[in-house]
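# Architecture and fold: a report
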There are 2 protein chains.
Amino acid sequence: MKIYVVGLGPGSVEQMTGQALAAMEESDVLAGYDVYIDLVREKFSHKRLLSTPMRREEERCRLAIEEALKGNTVSMICSGDAGVYGMAGLMYQVAQEYPPVEIEVISGVTAACSGAALLGAPLIHDFAVISLSDLLTPLEKIFRRVEAAAAADFVLCIYNPSSKKRGDYLRQACDIVLAHRGPKTVAGIVRNIGRKEESAQVTTLGQLRDTQVDMFTTVFIGNSQTKVIGGKMVTPRGYKNEQQ
Amino acid sequence: MKIYVVGLGPGSVEQMTGQALAAMEESDVLAGYDVYIDLVREKFSHKRLLSTPMRREEERCRLAIEEALKGNTVSMICSGDAGVYGMAGLMYQVAQEYPPVEIEVISGVTAACSGAALLGAPLIHDFAVISLSDLLTPLEKIFRRVEAAAAADFVLCIYNPSSKKRGDYLRQACDIVLAHRGPKTVAGIVRNIGRKEESAQVTTLGQLRDTQVDMFTTVFIGNSQTKVIGGKMVTPRGYKNEQQ
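What comes next is a walk through the structure. (Residues numbered from 1 in each chain as written. Chains lettered and ligands numbered in written order. Predicted model: local features only at pLDDT ≥ 70, side-chain atom pairs only at ≥ 80, totals over all residues. Heavy atoms only, no water.)

### Focus on the overall build of chain A
Definition in use: Strands are runs of DSSP state E lasting at least 2 residues, helices are runs of H or I lasting at least 4, and numbering of each runs from the N terminus. Between the two quantities, the radius of gyration covers C-alpha atoms and the globule rule is 2.2 Å times the number of residues to the power 0.38. Accessibility here uses a 1.4 Å probe with only protein chains present; expressed as a share of the type maximum, an area under 20% marks a residue as buried, one over 50% as exposed, and anything in between as partly exposed. By definition in these notes, contact holds between two residues if any of their heavy atoms fall within 4.5 Å. Residue exposure ignores everything except the shown protein chains as possible cover, and the areas themselves are Shrake-Rupley values with a 1.4 Å probe. Only four residue types enter the tally: Lys and Arg on the positive side, Asp and Glu on the negative side; His and the chain ends are excluded. We put the charge of a Lys on NZ, of an Arg on CZ, of an Asp on CG and of a Glu on CD.
Along the backbone of chain A there are 8 helices and 13 strands. Rg of the C-alpha trace for chain A: 19 Å, near the compact-globule value of 18 Å for 244 residues, within the 12% margin. Reported as C-alpha extents along the three principal axes, the dimensions of chain A are approximately 60 × 35 × 30 Å. Out of the 244 residues belonging to chain A, those deemed buried represent 59%. Within chain A, contacts between residues at least 6 apart in sequence are counted, and of these 68% link residues at least 24 apart. Carbon and sulfur atoms provide 48% of the accessible area of chain A, an area that totals close to 9,200 Å². Where the 27 positive side-chain charges of chain A centre and where its 28 negative ones centre are 5 Å apart.

In structure tokens form, the structure reads like this:
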């Protein structure tokens, strides 16, 4: 009777940790959003798999908790890290309404890290992780954060940069950053991390502004020191003039 | 003739990804800081292990590159993620001085994520990752970032919060945040992640200010919405009043 909230990493089994695989192996039930269940369907075909559609996160938590309260061990699976825009928080919140059930979060490689590895090394110095989804957060608050991060020379890593309803949010975010950094600032776009169609593109902030991205994309904007080295996006360790 | 820059995650073999283990298995040589080499010494005792002391990062890169240029496959290992304050960036920079050598970054679970999992779910919403080490970055620039992140209601995740020379930097950082958030703001302290002495403590910003931490500690400061639920540090998914 336990719930693991498991971060799968970008998607491929090789990018999962041993701890994540062990938690799923120990579980009677794996629960999660359809697309994530599909990632483990083959490897864990001997488990009971409960998938729910997108945006039904609260329902998904209740399902997991009810299974646990029946005496089952349950893995609620998330892509990336379970604790970065993942299900870990909602699970603790929803579980308050039920009799006590043990919850353990198993971390995984989040898109900031797996995406950075594909681009080179953009996150070697301080960075801010911001989601452009305004489903639960006012847009002005999101852009206020983009502004703060840009002004303080953080590297920016942007999750959920676009969707049908918010086609121009990334452009607006870039315009905010462009008030603080030049259009030649190094930027990076990573798509479909860990999938067959995986791609990484090093570009500039000016070009990023005019690029249409989709919801399977993670975006990086370098700080004032970020360079292109051999086609890779590399942020130095600091601001001193010595070899950084 | 290839260099993998490998993130080991917090330390235990179970928290490494299959990809990290495969890269090390494929390598002729594992290179890294003493303490990290010790983490894999048992599992990879059949490999040639090259360890160098702390702060000799550039020398460590040269060692790895020279081994690769001799025709060896080399894994340069780092704790956490190789791309978050890790060796990936310096490796690209130093490699510029040598004939071309292939470099691939293998990401791992960084302390922000593994630490968050121990505390509960503090990073469910936008967060800023800041190192308080002023070895290569001017202190005023670091504190400017703390200020920006605090004002924009980011969750803060602080790496390298202390060392002998910078005993009171965390206190100063907390004072900056306290100008924007109350002393009862939820905070978290994680020590020795992935090691035997691992510990996680949920506290308040006011108490964090007066806590002496060491260099094996990662610190979290919640945003205005972060709550304590069943002893865990949990940040909601947003600012709307519905179940977040």
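### Examining the sheet that holds strand 12 (residues 227–229) of chain B
Within a sheet, each strand pairs with its neighbour through backbone hydrogen bonds, oriented either parallel or antiparallel. Residue and element names in this part refer to chain B. Keep this limit in mind: Here, any two strands with at least 2 DSSP bridges between them count as paired.
Spatial ordering of the open sheet is given by 6-13-12, a layout of 3 strands whose pairing is mixed. Each edge of the sheet is formed by a strand with only one pairing partner; in this case those strands are strand 6 (120–121) and strand 12. Sheet topology note: the strand 6/strand 13 (residues 232–234) ladder contains 2 bridges and is parallel. Its bridge partner lying in strand 13, Gly120 is registered against Met233.

### A closer look at the relation of the copies chain A and chain B
This is how the line gets drawn: Only residues with pLDDT of at least 70 in both copies count here: their C-alpha atoms drive the least-squares fit that superposes the copies.
Overlay of chain A on chain B (RMSD 0.0 Å): rotation 180°, translation along the axis 0.0 Å. In short, the pair behaves as if placed about a two-fold rotation axis. When you check the interface residues of chain A against chain B, 100% turn up at the interface there too, and the contact is symmetric in its surfaces.

### Brief notes about the nonpolar core
So the rule is basically this: As used in this record, nonpolar core signifies buried Ala, Val, Leu, Ile, Met, Phe, Trp, Tyr and Cys residues forming a set joined through side-chain atoms within 4.5 Å.
Leu132, Val146 and Leu208 of chain A together with Leu132 and Val146 of chain B are the most contacted members of the largest nonpolar core, which has 52 residues in total. Contacts of Val146 of chain A, omitting those with residues within four sequence positions, involve Ile130, Leu132, Leu156, Ala173, Ile176 and Val177 of chain A.

### Let's talk about the packing of helix 3 (residues 57–69) of chain A against helix 4 (residues 88–95) of chain A
Residue and element names in this part refer to chain A. Applicable threshold: To obtain an axis, a line is fitted to C-alpha atoms, over the contacting stretch when the element is a helix, and the angle between two such axes runs from 0 to 180 degrees between their N-to-C directions. In this scheme the crossing of two helices becomes right-handed for a clockwise turn of the near helix relative to the far one and left-handed for an anticlockwise turn of less than a right angle. Basically, the charged four are Asp, Glu, Lys and Arg, the nonpolar ten are Ala, Val, Leu, Ile, Met, Phe, Trp, Tyr, Cys and Pro, and anything else, Gly included, counts as polar.
As a packed pair, helix 3 and helix 4 sit with axes 9 Å apart at the nearest point and diverge in direction by 65°. Where helix 3 crosses over helix 4, the two elements pack in a sense that is right-handed. From helix 3, Glu57, Glu58, Cys61, Arg62, Ala64 and Ile65 reach across to helix 4, where they touch Leu90, Met91, Val94 and Ala95. Of the residues belonging to the contact of helix 3 with helix 4, the class tally is 7 nonpolar, no polar and 3 charged.

### Overview of the interface of chain A and chain B
To keep it simple, the criterion reads: Buried area: the sum, over both parts, of the accessible surface (1.4 Å probe) that disappears when the two are put together. The salt bridge definition used is simple: a Lys or Arg side-chain nitrogen within 4 Å of an Asp or Glu carboxyl oxygen. Under the rule applied, a polar contact is a pair of N or O atoms within 3.5 Å (in protein, one hydrogen donor and one hydrogen acceptor; residues adjacent in sequence only if both atoms are side-chain atoms).
Taken together, the contacts link 66 residues of chain A with 66 residues of chain B. Taken over both partners, the interface formed by chain A and chain B buries close to 5,800 Å², and the fraction arising from carbon and sulfur atoms is 60%. There are 6 salt bridges connecting chain A and chain B. Of the charged contacts, one joins Asp153 of chain A and Arg145 of chain B as a salt bridge, the two residues approaching to 4.0 Å between their closest N and O atoms. In this structure, the connection of chain A to chain B is made through 28 residue pairs in polar contact (both at pLDDT 80 or more). Those elements that provide at least two residues to the side of chain A that touches chain B are helix 1 (18–26), helix 3, helix 4, helix 5 (111–119), strand 6 (120–121), strand 7 (127–131), helix 6 (139–151) and strand 13 (232–234) of chain A. When grouped by side-chain class, the residues that make up the side of chain A that touches chain B number 31 nonpolar, 20 polar and 15 charged.

### Focus on the side chain of Asp81 of chain A
Of note, Asp81 of chain A is situated in the loop between strand 4 (73–78) and helix 4. No salt bridge is formed by the buried Asp81 of chain A; the nearest opposite charge belongs to Lys232 of chain B, separated by 14 Å. Within the structure, the side chain of Asp81 of chain A is placed 2.8 Å from the backbone nitrogen of Gly108 of chain A, a separation counted as a polar contact. Apart from residues lying up to four places away in sequence, Asp81 of chain A is in contact with Gly7, Gly86, Ser107, Gly108, Val109 and Thr110 of chain A together with Cys113 of chain B.

### Brief notes about helix 7 (residues 169–178) of chain B
Residues and elements named next belong to chain B. Test applied: Note: the arc covers the axis-to-C-beta directions of the helix.
Restricting attention to buried positions, one finds in helix 7 the residues Tyr169, Leu170, Ala173, Cys174, Ile176 and Val177. Within helix 7, the buried residues cover an arc of 155° as seen down the axis, which keeps them to one side. Close packing links the buried residues of helix 7 with helix 6 (139–151), strand 8 (155–159), helix 8 (205–209) and strand 11 (217–221).

### Observations concerning the sheet that holds strand 6 of chain A
Residue and element names in this part refer to chain A. Across the sheet, 3 strands lie side by side as 6-13-12; this open sheet has mixed pairing. Of all the strands in the sheet, just strand 6 and strand 12 (227–229) have a single pairing partner and so form its edges. With 3 bridges joining them, strand 12 and strand 13 adopt antiparallel strand pairing. Residue pairing for strand 13: Ile229 is matched across the bridge by Lys232.

### Thoughts on unusual backbone geometry
Non-glycine residue Asn160 of chain A carries a positive phi angle of around 45°. Position of Asn160 of chain A among the secondary structure elements: in the loop between strand 8 (155–159) and helix 7 (169–178). Phi at Tyr85 of chain B is positive, roughly 50°, even though this residue is not glycine. Looking at the secondary structure, you find Tyr85 of chain B in the loop between strand 4 (73–78) and helix 4 (88–95). Looking at Tyr85 of chain B, the relative accessible area reads 23%, which means it is partly exposed.

### Here we look at the pattern of salt bridges
Applying the stated criterion to the full structure yields 32 salt bridges over all chains. Between Lys70 of chain B and Glu67 of chain B there is a salt bridge, with its nearest N and O atoms 3.5 Å apart. Assessed through its relative accessible area of 63%, Lys70 of chain B is described here as exposed. Here the salt bridges do not stand alone but share partners, grouping Asp126, Asp153 and Arg181 of chain A together with Arg145 of chain B into one network.

### A word on the environment of Gly222 of chain B
Residue and element names in this part refer to chain B. Structurally, the position occupied by Gly222 is in the loop between strand 11 and strand 12. Counting along the chain gives 36 residues from Gly222 to Val186, while the straight-line C-alpha distance between them is 5.3 Å. In this structure, Gly222 is in contact with Val155, Arg181, Thr185, Val186 and Met233, ignoring residues within four places of it in sequence.

Function cannot be read off these values alone, since they describe shape.
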